[in-house]
Amino acid sequence: MQTNFSLAQLADPHVAESERILRKCVHCGFCTATCPTYVTLGNELDSPRGRIYLIKDMLENGRPADKEIVTHIDRCLSCLACMTTCPSGVNYMHLVDHARAHIQETYRRPLLDRLTRAMLAVVLPYPSRFRAALRLAGLGRPFVGLFEKLPALKPVAAMLKLAPAWIPPASPTASPGTHAGQGAKRGRVAILTGCAQSVLDPAINETTISLLTRLGVEVVVPEGEGCCGALVHHMGREAAALASARQNVDAWIRAIDQGGLDAIIITASGCGTTIKDYGFMLRLDPAYAEKAARVSSLAKDITEYLAVLDLPEPVRKPGTIVAYHSACSMQHGQKITRQPKELLAKAGFVVREPREGHLCCGSAGTYNILQPEISAKLRDRKVKNIEATGAEIVATGNIGCITQIASAAKLPVVHTIKLLDWAYGGPKPEGVSDAKLVAAE
Ligand code: SF4
Ligand code: SF4
């Protein structure tokens, strides 16, 4: 694609990077076919190619964002299916990240939208605030129907509907410390405790630590870890996202200095995509560029790490039919497609892949709150495809997808690590007591 940026514009490294990305796009439109919003809405401006044109026009003309571009960029899920499809290697992720930061700097959103976004940014990344907010959600739940009728309050209704009725207690494994491996030491890793996942389902990291330590891996929960920054990054709040990234880089570099790390284990693929991008996000910060690149190179999804660990034979051979839902951040963001399915199959599960597996379930960070209508359409389409597999359980590797799919599916939806842990001798995952796992025990 031809571009017309001035030399003065290109002196801004963010603009220069976006220009490089734009020049790679050859307008072929292959990406439109796999874009969930184009498939759902049928509007070229809600396709990757349409958004790329809008972003180019805004950046080239040095314009502040306007209502039209905000509408179409807000509808983008950042699912990155377009990057998987694109034959020209267009890095849509970095382009849309730049566009979102530009929108945040130059566009004044309507008051309620601003308040909703500000509230999400100051609550979700902090487990204690998020836990308190979920408790308060119980008071608001009777008013969901009313809020749904008022367009400006639909995000509030979406939040209340997604909030679980029961909140598990905080897990001691989220506190800083070291969990020794059993038997011969096979490695030393740090684990990201994260934010929303540690509140909604702390058993995911408890299970991960239990399985890794049984396999002989020492697991460190470093002092000072926090939210990976993805939630605010996707809202264009760059300063907050970079502050989170720096805080985590500091925590993990300290852990490396104190005993070395073979990997930084991540159990939510949405976080994994962002942490693997820390090297890019902090490339212009001389104090952090090198350290951030080192951290990104150590970041591994738990399934990536287990896939090279040479696992023993599983204790149980369940034969349970599992529908594997590959989160967008797993398959498109990190290109991890093989390992989770192979691990499940090796552990004795019969793995089935739903049709249209490349399409997002509509969760996408805060998307199911900020764009509840498109999100619900994508969720229902996803659940229909999952249920058509005839599976007894759904496995996936991202808390956002678990919450989203479970809000409409009749099947239990669990993190992949819980099924693996059970097959290798751990306890039965909660919520699957009616599934075939029971018969297999
Ligand atoms: S990130 Fe997803 S929703 Fe956004 S343009 Fe690409 S395919 Fe479409
Ligand atoms: S597939 Fe790639 S090159 Fe083709 S229009 Fe989409 S982003 Fe541009």
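Below is a summary of the structure that appears in this document. Quick caveat, the model's predicted, so the values are computed rather than measured.

Scoring rules and cut-offs
- Residues numbered from 1 in each chain as written.
- Chains lettered and ligands numbered in written order.
- Predicted model: local features only at pLDDT ≥ 70, side-chain atom pairs only at ≥ 80, totals over all residues.
- Heavy atoms only, no water.
- Near = heavy atom within 4 Å.
- Helix = DSSP H or I, 4+ residues; strand = E, 2+ residues; numbered from the N terminus.
- Nonpolar A, V, L, I, M, F, W, Y, C, P; charged D, E, K, R; others polar.
- Buried < 20%, exposed > 50% of the residue type's maximum accessible area, 1.4 Å probe, protein only.
- Pairing = 2+ DSSP bridges.
- Axes fitted to C-alpha atoms, helices over the stretch in contact; angles between N-to-C directions.
- Contact = heavy atoms within 4.5 Å.
- Parallel < 35°, antiparallel > 145°, perpendicular 65-115°, else oblique.
- Left-handed = near helix turned anticlockwise from the far one by under 90°.
- 1 Å grid on protein atoms, 1.4 Å probe; cavity = no way out; pocket = protein on both sides within 12 Å on 5 of 7 lines; lining within 4 Å.
- Sits in = over half its atoms within 2 Å of the grid points.

1. A look at the site of ligand 1
If you check the shell around ligand 1, you find 13 residues, and the closest are Cys35, Arg51, Cys76, Cys79 and Cys82. Broken down by secondary-structure element, the contributors of at least two residues to the shell around ligand 1 are α3 (36–41), α4 (48–60) and α6 (81–85). Per-class residue counts for the shell around ligand 1 are 10 nonpolar, 2 polar and 1 charged.

2. What to know about the pairing of strand β2 (residues 187–191)
Taken across its 5 residues, β2 has 5 buried, putting it largely inside the fold. Where β2 and strand β3 (residues 217–221) come together, 4 bridges link them in parallel fashion. In the strand pairing of β3, Arg188 is matched with Glu218. Where β2 and strand β4 (residues 263–266) come together, 3 bridges link them in parallel fashion.

3. Structural notes on the sheet that holds β3
Reading across the sheet, the 5 strands line up as β1-β3-β2-β4-β5 and stay open at both edges, with mixed pairing between neighbours. Strand pairing shows two members of the sheet lacking a second neighbour, β1 (177–179) and β5 (299–301), which therefore form its edges. Direction aside, the axes of adjacent strands within the sheet are offset by 35 degrees on average. The pairing of β1 with β3 spans 3 bridges and is classified as antiparallel. Residue pairing in the sheet places His179 in a bridge with Val219 of β3. On top of the sheet, helix α13 (residues 203–214) reaches β1, β2, β3 and β4; it is set at about 145 degrees to β3, its chief contact.

4. So, the packing of α4 against helix α5 (residues 67–74)
Relative to each other, α4 and α5 sit at 140 degrees, their axes nearing to 10 Å. Taken together, α4 and α5 sit at an angle that is classed as oblique. The handedness of the crossing between α4 and α5 is left-handed. Judged by residue contacts, Arg51, Leu54, Ile55 and Met58 of α4 engage Glu68, Ile69, His72 and Ile73 from α5. The class makeup of the residues in the contact of α4 with α5 is 5 nonpolar, 1 polar and 2 charged.

5. A few points about the site of ligand 2
Taken together, the neighbourhood of ligand 2 is formed by 13 residues, with Cys25, Cys28, Gly29, Cys31 and Cys86 sitting nearest. In this structure the site holding ligand 2 corresponds to the second largest cavity. A breakdown of the residues in the shell around ligand 2 according to their chemical character gives 9 nonpolar, 3 polar and 1 charged.

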